[in-house]
Amino acid sequence: MLQELLTAAAAAGSAGVLYIASAARIVKQYERGVVLRLGRLAGEVRQPGFTMIVPVVDRLHKVNMQIVTMPVPAQEGITRDNVTVRVDAVVYFKVVDAAYALIRVEDYKFAVSQMAQTSLRSIIGKSDLDDLLSNREKLNQGLELMIDSPAIGWGVQIDRVEIKDVSLPETMKRSMARQAEADRERRARVINADAERQASKVLAEAAREMSQTPAALQLRLLQTVVAVAAEKNSTLVLPFPVELLRFLENPQRAPLDGTPERPAGM
């Protein structure tokens, strides 16, 4: 009799151990457990740690709650100003409701990927080329809003969307390079013209000052001689008064000191 009781107790203990082993589940810290009992959602979402289910009747599905980094394949489209471009992006998202992500959509990762591709093509068609190249922050926000609207119903939250690269045709690259070169040349010419205008004003003011003080002109000529001698010692500069040139042009003119010219033979 005792032997039978021990055997029954051992069998019950083994059955209990097998039951616990088949019913015990471990949910990791970055996961949530969704239990389907006979195909229907049973109770609350299981939190991380040790949990128990009913063997055969229950089925535990683990949903990853980490942020997923999903690259969006390059999409080709025509911008609003009729330029063909290829744009790729990256989407950062995470599951915020494990039950919705499991029940309301068959594969939430595939759904987010397809929505991101269609939204990227749509944003290309609504934008100009300059916006794609220089105003990406605004486009990223618009793209995030377009993807996040349907994703909320799937238990998924879009954390961030970034446009990675914009590929342009070779002809467009050459045209933009010529445009940038022409713009730089235009700015250089404007700067040179402005410098000439400012220099002419300063030179005109200096000429007025020198006209009132003739000695200043001689000092300027001497300074020029010193500057040339310091650079090229073999060069000799002789200042030639402009008044003498004018006198040689018209020798019949009165002397420079203002005295009357004497007649010949006196």
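Residues numbered from 1 in each chain as written. Predicted model: local features only at pLDDT ≥ 70, side-chain atom pairs only at ≥ 80, totals over all residues. Heavy atoms only, no water.

## Side note on helix 3 (residues 108–126)
Then step 1. With 19 residues, helix 3 extends 27 Å from end C-alpha to end C-alpha; this agrees with the ideal 27 Å at 1.5 Å per step.
Then step 2. Those residues of helix 3 not exposed but buried are Tyr108, Ala111, Val112, Ser113, Ala116, Gln117, Ser119, Leu120, Ile123 and Ile124.
Then step 3. At its buried positions, helix 3 is contacted by strand 5 (58–64), strand 6 (68–78), strand 7 (84–95), helix 2 (98–103), helix 5 (136–151) and strand 8 (156–167). (Helix = DSSP H or I, 4+ residues; strand = E, 2+ residues; numbered from the N terminus. Expected span 1.5 Å × (residues − 1). Buried < 20%, exposed > 50% of the residue type's maximum accessible area, 1.4 Å probe, protein only. Contact = heavy atoms within 4.5 Å.)

## Thoughts on the sheet that holds strand 5
Then step 1. Read from one edge of the open sheet, three strands run 3-2-5, paired in antiparallel fashion. Of all the strands in the sheet, the pair left with one neighbour each is strand 3 (40–41) and strand 5.
Then step 2. Bridge count between strand 2 (residues 31–37) and strand 3: two bridges; the pairing is antiparallel. Looking at strand 3, one finds that Leu36 is bridged to Leu41. (Pairing = 2+ DSSP bridges.)

## Focus on a nonpolar patch on the surface
Then step 1. Among the surface-exposed residues, Ile20, Ile26, Phe50 and Met52 lie close enough to one another that they form a single nonpolar patch of about 400 Å² accessible area.
Then step 2. Summarising the element assignment, Ile26 is placed in strand 1 (residues 24–27). (Patch = residues over 30% accessible without salt bridge, like charges linked within 9 Å, V, L, I, M, F, W, Y side chains within 5 Å. Areas by Shrake-Rupley, 256 points an atom, 1.4 Å probe, with all protein chains shown as cover. Salt bridge = Lys/Arg side-chain N within 4 Å of Asp/Glu carboxyl O.)

## With respect to the pattern of salt bridges
Pairs can form between side chains of opposite charge whenever their charged atoms are close.
Then step 1. Evaluated as defined, the whole model comprises eight salt bridges.
Then step 2. For Arg189, the salt bridge goes to Glu185, with nearest N and O atoms at 2.9 Å. Of the two residues, Arg189 and Glu185 both sit in helix 6 (residues 170–212), four residues apart, roughly one turn of that helix.
Then step 3. A relative accessible area of 58% places Arg189 in the exposed class.
Then step 4. Each of Asp183, Arg186 and Arg187 takes part in a single network of salt bridges with overlapping partners.

## With respect to the confidence of the model for the protein chain
Should pLDDT be low for a region, the predicted coordinates there are not to be read in detail.
Then step 1. When pLDDT is averaged along the protein chain, the result is 81, and 82% of the positions lie at 70 or above.
Then step 2. Least confident of the elements in the protein chain is helix 8 (residues 242–249), whose mean pLDDT is 62; most confident is strand 7, at 92. (pLDDT = per-residue confidence, 0-100.)

## Section: the packing of helix 3 against helix 5
Then step 1. Relative orientation of the contacting elements helix 3 and helix 5 amounts to 140 degrees, with a least axis distance of 10 Å. Considering the angle they form, helix 3 stands oblique to helix 5. As helix 3 packs across helix 5, the resulting crossing turns out to be right-handed. Mapping the contact onto sequence places Met115, Ala116, Ser119, Leu120, Ser122 and Ile123 in helix 3 and Leu139, Leu143, Met146, Ile147 and Pro150 in helix 5.
Then step 2. Its residues placed into classes, the contact of helix 3 with helix 5 shows nine nonpolar, two polar and no charged. (Axes fitted to C-alpha atoms, helices over the stretch in contact; angles between N-to-C directions. Parallel < 35°, antiparallel > 145°, perpendicular 65-115°, else oblique. Left-handed = near helix turned anticlockwise from the far one by under 90°. Nonpolar A, V, L, I, M, F, W, Y, C, P; charged D, E, K, R; others polar.)

## A look at the packing of aromatic side chains
Then step 1. In this structure the tally under the stated criterion is zero aromatic pairs.
Then step 2. The cationic tip of Arg104 hangs over the ring face of Tyr100; the distance from NZ or CZ to the ring centre is 3.7 Å. (Phe/Tyr/Trp six-rings, centres within 6.5 Å; stacked < 30°, edge-to-face > 60°. Lys NZ or Arg CZ within 6 Å of the ring centre and 35° of its normal.)

## A closer look at the side chain of Thr51
Then step 1. Structurally, the position occupied by Thr51 is in strand 4 (residues 49–52).
Then step 2. Among the polar contacts made by the side chain of Thr51, one reaches the side chain of Arg46 at a distance of 2.6 Å.
Then step 3. Look past the residues within four positions of Thr51 in its chain and what remains in contact with it is Ala23, Ala24, Arg25, Val27, Arg46 and Leu60. (Polar contact = N/O pair within 3.5 Å; in protein donor to acceptor, adjacent residues only side chain to side chain.)

## Looking at the nonpolar core
Then step 1. Counting 36 residues, the largest nonpolar core has Val85, Val91 and Phe93 as its most contacted members.
Then step 2. Taken together, the elements giving at least two residues each to this core come down to strand 6, strand 7, helix 2, helix 3, helix 4 (129–134), helix 5 and strand 8.
Then step 3. Once residues within four sequence positions are removed from consideration, Val91 is found in contact with Val68, Thr69, Met70, Val72, Val112, Ala116, Ile147, Ile158, Arg160 and Val161.
Then step 4. Residues Val27, Ala42, Ile53 and Leu60 belong to the second largest nonpolar core, which totals five residues. (Core = buried A, V, L, I, M, F, W, Y, C linked by side-chain atoms within 4.5 Å.)

## Quick notes on the pairing of strand 7
Then step 1. For strand 6 and strand 7, the ladder comprises nine bridges, and the chain directions are antiparallel. When the bridges of strand 7 are listed, Thr69 appears paired with Tyr92.
Then step 2. Taking the residues that link successive antiparallel strands as the turn, the strand 6-strand 7 hairpin has five residues, and the phi of Asn82 there is positive, at about 65 degrees.
Then step 3. Two strands pair when backbone bridges link them, and strand 7 and strand 8 are joined in this way by 10 bridges, in the antiparallel orientation. Bridge pairing in strand 8 links Arg86 to Ser167.

## Looking at the sheet that holds strand 7
Pairing between the strands of a sheet is mediated by backbone hydrogen bonds and can be parallel or antiparallel.
Then step 1. Here three strands make up an open sheet; going across it, the order is 6-7-8 and the pairing antiparallel. Two strands bound the open sheet, and with one partner strand each, they are strand 6 and strand 8. Taking each pair of neighbouring strands and ignoring which way they run, the sheet shows an average axis angle of 25 degrees.
Then step 2. Of the strands in this sheet, strand 7 and strand 8 are in contact with helix 5, which crosses strand 8 at around 140 degrees.

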